[in-house]
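Here is how the chains run, residue by residue.
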Amino acid sequence: MTINGLQYSRIFMSQIIGSQTTDYLHEFCQRLQGLNLTQVEHSLMIPIILCLPDEAIVDAEHVHIIKYCYMYALYIQLCATKTEEEAKIMFENILQVENSRHSFAFDIFSLF
């Protein structure tokens, strides 16, 4: 829902942000949903997803450190709720989803 109460549907999204971005966002959300993360694991994913490399950031090293701290916390959480092998597999799957987001972001940014 938007602030004015309009349903923010896929068609509406395509008109506002373009069909390529809309398609990617839906693909990304489907991949993320397919991981079947717990609420805690999902919460730890948010800062990882938001930490895009950006040349305009003055102190990019701190953003990089923060991202990897959250990645470590996510891995520890996975190890606490799954066997070590399951945690490793899940973490690899999460990294694949996260890396696909980076490649898309670079494609979008190259258009500007």
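Placed above this text is the structure.
Definitions and limits used
Residues numbered from 1 in each chain as written. Predicted model: local features only at pLDDT ≥ 70, side-chain atom pairs only at ≥ 80, totals over all residues. Heavy atoms only, no water. Core = buried A, V, L, I, M, F, W, Y, C linked by side-chain atoms within 4.5 Å. Buried < 20%, exposed > 50% of the residue type's maximum accessible area, 1.4 Å probe, protein only. Helix = DSSP H or I, 4+ residues; strand = E, 2+ residues; numbered from the N terminus. Contact = heavy atoms within 4.5 Å. Salt bridge = Lys/Arg side-chain N within 4 Å of Asp/Glu carboxyl O. Phe/Tyr/Trp six-rings, centres within 6.5 Å; stacked < 30°, edge-to-face > 60°.

Colleague: I'd like a description of the nonpolar core, backed by residues and values.
Modeller: Counting 17 residues, the largest nonpolar core has Leu32, Leu35, Leu37, Met45, Leu74, Leu78 and Ile94 as the members making the most contacts within it. Elements with a minimum of two residues in this core: α2 (19–34), α3 (39–50), α4 (60–81) and α5 (84–110). By residue number, the principal contributor to this core is α5, which donates five residues. Leave out the neighbours within four places in its chain, and Leu78 touches Glu41, Ala87, Met90, Phe91 and Ile94.

Colleague: Can you explain the pattern of salt bridges? Please cite residues and give values.
Modeller: Once the charged atoms of two side chains with opposite charge are near each other, the side chains can pair. On inspection of all chains with the given rule, the structure shows four salt bridges. One salt bridge in this structure joins Glu98 and Lys67, with 3.2 Å as the shortest N-O distance. Of the two residues, Glu98 sits in helix α5 while Lys67 sits in helix α4, which places them 31 residues apart along the sequence. According to the relative accessible area criterion, Glu98 is buried, its value standing at 2%. Among the residues examined, Lys67 registers a relative accessible area of 8% and is labelled buried.

Colleague: Explain the packing of aromatic side chains to me, using residue names and the numbers behind them.
Modeller: Applying the stated criterion across every chain, the model contains two aromatic pairs. A ring pair is formed by Tyr24 and Phe28, whose centres lie 6.0 Å apart and whose planes are at 25°; its orientation type is stacked. A residue pair is termed a helical-turn pair when its members lie 3 or 4 positions apart in one helix, as Tyr24 and Phe28 do in helix α2 at four residues. Taken together, a centroid distance of 5.3 Å and an interplanar angle of 70° make the contact between Tyr75 and Phe91 edge-to-face. Here Tyr75, found in helix α4, pairs with Phe91, found in helix α5; they are 16 residues apart in sequence, far enough to count as distant.

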